[in-house]
Amino acid sequence: MSTKTNPGNYFEDFRTGQRLVHPTPRTVTEGEVALHTALYGNRFAINSSSAFAAAVGLRRAPLDDLLAFNLVFGKTVPDVSLNAIANLGYAAGRFGTPLYCGDSVRATSTVLGLKQNKDGQTGVVYVRSVGVNQRDEMVVDYCRWVMVRKRDASAAAPEPVTPTLPQAVEAGELTVPAGLQLGGYDTALAGSPFLWDDYEAGEKIDHADGMTVEESDHMLATRLYQNTARVHFNQHAEKGGRFGRRIVYGGHVISLARALSFNGLANAFRVAAINGGRHVAPVFAGDTVYAWSEVLGKMPLPGRRDLGALRLRTVATKDRPCADFPGKNADGQYDPAVVLDFDYTVLMPTRA
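Attention here is on the structure that accompanies the text. Here the structure is a predicted model, which means the values were calculated and not measured. (Residues numbered from 1 in each chain as written. Predicted model: local features only at pLDDT ≥ 70, side-chain atom pairs only at ≥ 80, totals over all residues. Heavy atoms only, no water.)

Looking now at the pairing of strand β3 (residues 104-116). Remark: a regular strand shows side chains that alternate across the two faces of the sheet. Relative to β3, strand β1 (residues 19-27) is paired through 6 bridges, and the arrangement is antiparallel. Looking at β3, one finds that V21 is bridged to T108. Note: β3 against strand β4 (residues 122-132), 10 bridges, orientation antiparallel. Residue pairing for β4: V111 is matched across the bridge by V127. Linking β3 back to β4 in an antiparallel pair, the connection comprises 5 residues, with G120 at a positive phi of about 70°. (Pairing = 2+ DSSP bridges. Helix = DSSP H or I, 4+ residues; strand = E, 2+ residues; numbered from the N terminus.)

Below, the discussion takes up the pattern of salt bridges. Summed over all chains, the structure comprises 18 salt bridges. Here R94 ties to D141 by a salt bridge, and the two come within 3.6 Å at their closest N and O atoms. In this pair, R94 sits in strand β2 (residues 84-95) while D141 sits in strand β5 (residues 138-149), placing the two residues 47 residues apart along the sequence. R94 sits in the partly exposed class, given a relative accessible area of 24%. On the accessibility criterion, D141 (5% relative accessible area) is buried. A salt bridge links R128 to D141, with the shortest nitrogen-to-oxygen separation between them at 2.4 Å. Of this pair, R128 sits in strand β4 while D141 sits in strand β5; the two residues are 13 residues apart in sequence, bridging distant segments of the chain. Salt bridges sharing partners connect three or more residues here, namely R94, R128 and D141. (Salt bridge = Lys/Arg side-chain N within 4 Å of Asp/Glu carboxyl O. Buried < 20%, exposed > 50% of the residue type's maximum accessible area, 1.4 Å probe, protein only.)

With that out of the way, let us pick up the environment of L58. Looking at where L58 falls in the secondary structure, it is placed in the loop between α3 (50-55) and α4 (65-80). With a relative accessible area of 6%, L58 lands in the buried category. As for L58 and G179, which are separated by 121 residues in sequence, their C-alpha atoms are 6.2 Å apart. For L58, the contacting residues outside a window of four places in its chain are I46, A53, Y100, P177, A178 and L180. (Contact = heavy atoms within 4.5 Å.)

A few words on the side chain of T350. If you trace the backbone, T350 turns up in the segment after β11 (338-349). At 3.2 Å, the side chain of T350 and the backbone nitrogen of A352 are in polar contact. If we skip the residues at most four places from it in the chain, T350 touches L195, W196, D197, R305, D306, L307 and G308. (Polar contact = N/O pair within 3.5 Å; in protein donor to acceptor, adjacent residues only side chain to side chain.)

Moving on to the pairing of β2. In this sheet, β5 lies alongside β2 in antiparallel orientation, the contact comprising 8 bridges. Each residue of the ladder has a partner; that of R94, found in β5, is D141.

So, about unusual backbone geometry. Residue P23 is joined to T24 through a cis peptide bond whose omega torsion reads 5°. The topology assignment puts T24 in strand β1. One non-glycine residue, D136, lies in the positive phi region at around 65°. Along the chain, D136 falls in the loop between β4 and β5. Exposure remark for D136: the relative accessible area of 53% places this residue in the exposed category. Here D319, not a glycine, exhibits a phi torsion of approximately 55°, which is positive. Within the element layout of this structure, D319 appears in the loop between β10 (307-318) and β11. Overall, the relative accessible area of 49% leaves D319 in the partly exposed class.

F69, L99, Y225, L265, L310 and L340 are the most contacted members of the largest nonpolar core, which totals 54 residues. Considering every element that reaches this core, the biggest residue donor is α4, with 8 residues. Once you skip the residues sitting within four places of it in the chain, F69 turns out to touch Y90, F95, V140, Y142 and I274. Residues A53, V56, A171 and L174 belong to the second largest nonpolar core, which totals 22 residues. (Core = buried A, V, L, I, M, F, W, Y, C linked by side-chain atoms within 4.5 Å.)

Right, dumping it as structure tokens:
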């Protein structure tokens, strides 16, 4: 029997400190951008118009930051999470040099820690994944942890290592795109008059709109990102699985929530950091996703008066509008409709 195919790594295949070089490098084209827009309907002006981007000092419209994130994430799946049961969380995510059409992106991951679960059947793998462009400039750098199956339940458990990860990315660690000068930023074209100065910590925003996930949507998205996880695209296998059907890739849900957040945060033109996040419950085709956001904090940026950072918590639900901001109840349990709780930082122009 041939052993040339890749079954993916199981928990016992990982070692703390191990470095994984992920195939396949990807040159990004206008086609990916158009398909990404078709999937999510993103309307952020800086990603939609090269003329708008040039007016603020960029050479052309950069890719949506979450398109860059998902392209890198997809590359890690065959080596990190092909045999995962669940993606458990994110931390310490930073976006670096913007990705432009014509750039090529590739990715590596380093195993930061391992911890076998009490059931002896699975374990948690902590990795740091880095995507770079053709000039070796960091595009996105983030940590995540996943629950991965063991191939052999009798395999010895590794020495448990749980990395210490920051609660949030500090303002001084955020990357401002080279050449960005916001004197030419046009709020009318961007779609909202509200700038960094107009938001306050504790403010909650119902993004009002909803978007129903079609089977074709999340299937196209999964293939667009070259994400090979069976749970997202193989109905023949998944009909006998936990849910009896394919689940929607978590990055698809994050991208939907970000697109919906335009209504209320139209000038949040750049995702600068991922502080943390949790996929609370699965989403399936036919579910309608809604979202609301809370401003967790405001941060001035060192050496900039034209630009500030907002730390946001965006919560997505399925089949439940968010006018009453569903989240956790008094007992700390999530409302049954919540599917995503995502903590991230965005850049926004100031009135300076």
